[in-house]
2 protein chains.
Amino acid sequence: MSTTEPVATDSTSDSTAGSASGSKKLRPERTNATKQRLFEASMELIGERGAAGVTVDEIAAAAGVSKGTVYYNFGSKSDLIAQLLRHGVDIMLARLQAIEGQTNDPLESMTNMVDQAMVFMDKYPSFARLWVSENWRMPGEWSSVFTELRAELLAVIGAAVERVAAGYQVDTSIARGSLEAAIFGAIFVVGLDRQTYNPERSREQCVAAVMTIMHGYVIK
Amino acid sequence: MSTTEPVATDSTSDSTAGSASGSKKLRPERTNATKQRLFEASMELIGERGAAGVTVDEIAAAAGVSKGTVYYNFGSKSDLIAQLLRHGVDIMLARLQAIEGQTNDPLESMTNMVDQAMVFMDKYPSFARLWVSENWRMPGEWSSVFTELRAELLAVIGAAVERVAAGYQVDTSIARGSLEAAIFGAIFVVGLDRQTYNPERSREQCVAAVMTIMHGYVIK
DNA sequence: CTATTTGAACTGACCAGTCAGTTCAGTTAG
DNA sequence: CTAACTGAACTGACTGGTCAGTTCAAATAG
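Every value quoted in this text rests on a predicted model; they were computed, and no experiment measured them.

Undergrad: Please provide a residue-by-residue account of the relation of the copies chain B and chain A, values included.
TA: Turning chain B through 180° and shifting it by 0.1 Å along the axis lays it on chain A, with an RMSD of 0.1 Å. Both copies are brought into coincidence by an operation consistent with a two-fold rotation axis. Take the interface residues of chain B: 98% of them recur as interface residues in chain A, which is what a same-surface contact looks like.

Undergrad: Lay out the pattern of salt bridges with the relevant residues and their values.
TA: Close approach of charged atoms allows side chains with opposite charge to pair. Considering all chains together, one arrives at 22 salt bridges over all chains under this definition. Residues Asp-90 of chain B and Arg-86 of chain B are paired through a salt bridge, measuring 3.6 Å at the closest nitrogen-oxygen approach. Of this pair, Asp-90 of chain B and Arg-86 of chain B both sit in helix α4 (residues 77–99), 4 residues apart, roughly one helical turn. Given the relative accessible area of 24%, Asp-90 of chain B is considered partly exposed. Connected through shared salt-bridge partners, Arg-86, Asp-90, Glu-148 and Glu-152 of chain A make up one network.

Undergrad: Break down the interface of chain B and chain A for me, with residues and values.
TA: In this assembly, 43 residues from chain B lie in contact with 42 residues from chain A. Approximately 3,800 Å² of surface area, both sides summed, lies buried where chain B meets chain A, with 62% of it carried by carbon and sulfur atoms. For chain B, the biggest contributors to the area lost against chain A are Trp-136, Arg-137 and Tyr-197 of chain B; these three give 20% of the whole. At the junction of chain B and chain A, the tally comes to 2 salt bridges. A salt bridge links Arg-150 of chain B to Asp-193 of chain A, with the shortest nitrogen-to-oxygen separation between them at 2.2 Å. On the surface where chain B and chain A come into contact, there are 15 residue pairs in polar contact (both at pLDDT 80 or more). Contributions of two or more residues to the side of chain B that touches chain A are made by α1 (29–49), α6 (125–134), α7 (143–167), α8 (176–196) and α9 (203–217) of chain B.

Calculation rules
- Residues numbered from 1 in each chain as written.
- Chains lettered and ligands numbered in written order.
- Predicted model: local features only at pLDDT ≥ 70, side-chain atom pairs only at ≥ 80, totals over all residues.
- Heavy atoms only, no water.
- Least-squares fit on C-alpha atoms with pLDDT ≥ 70 in both.
- Contact = heavy atoms within 4.5 Å.
- Salt bridge = Lys/Arg side-chain N within 4 Å of Asp/Glu carboxyl O.
- Helix = DSSP H or I, 4+ residues; strand = E, 2+ residues; numbered from the N terminus.
- Buried < 20%, exposed > 50% of the residue type's maximum accessible area, 1.4 Å probe, protein only.
- Buried area = accessible area lost by both parts, 1.4 Å probe.
- Polar contact = N/O pair within 3.5 Å; in protein donor to acceptor, adjacent residues only side chain to side chain.

If you want it as structure tokens, here you go:
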């Protein structure tokens, strides 16, 4: 009965060095490390096979943790996924916002953002898959989460487009919202296609294709 | 071992209902009608809740048919979905190909195609959801199906882009493949966003936003 | 007569969520 | 210094339920 293995908790807890801990209350090292590993494991699995196609047991096993731990750290599978989405968007937002104000040229700034989005998709290949497979389900389990996160992402893109519109003469007959959606869609689909079907395509090439939208928006 | 051999619909499924013209093998009306209803029911349900989130019993009930009938007409749930994807793409392809040669102006032709894609998404709102939620899964249950269908759709878009490139001066530094993916992605995401989050957006507005890509491709 | 459909029973696998028990890094008490 | 204690973190067997796929005898349509 008591043959429970030492489990190699190992205390090799990465020190969360410098990682900007959120506004959360200070939590024990172990828990954060565990959550982190659960995020990584579930991102990978869910990105590949979809939220419904992955079991909590698999996630736990991949994270080197027991099933109970998943339910200790998250209330439910659904909760885990909601937090996973939030986690990924937070990372992406941080990267995009770091670009703002790096350059004075709005178009160059935009290019850098699209490029950064591609870099993000290289680093977290599964996030975009999770995003596109669960978004647009109505009414979906995470509708409210998506509505919120989508607004946050579009706000950043929207601000960048706004700066372009302020600095250049643009085609005012194009609706801003639809344009943002088009950019967003092009980024995700071009990125996913590169990952899945055309890994030989270079990042610059993909960025250039997406930026074609902005070149069409600006009146030359 | 099944007692009654399920009808191997094979690759050529007569998708258009109503015309009794020359089906090679004699197939009673009933079968086609049943298949049609199963397609409609499963498109609806799977589009909303995902392939894994819908049960065969539900599909059968929604189609007003028994579970046994599903397995008589299709060998498995997986098979049903594969044929469903093929069915949807066939419809979309037919609509897009009907545009080709309608106009002499390649850009106008392109606009009409994008518009037609939006009309298609209005009529079959669930198809795009199914497409984006199951595509890009590697290795997925329907990888080979997607590879094939994707190539067929991209061929049509590619031909349209080719005609633009032949009729106008275009930015040759843009890779054709990435550009096609960007167009494809913009269409799907703009369309889905309209359905799901912004139903007030007009179709023209959405088409115009997508066409911004082409305006950026053409050198003015 | 044959192809198709029905409906219900059945199997075997799979799975989300629970809970009583275990571990262990501290903390306090002697 | 060390023994007792604490409680957060973790464990994994177990439960109650679901579902894909099978089978088949009987009904129905062409």
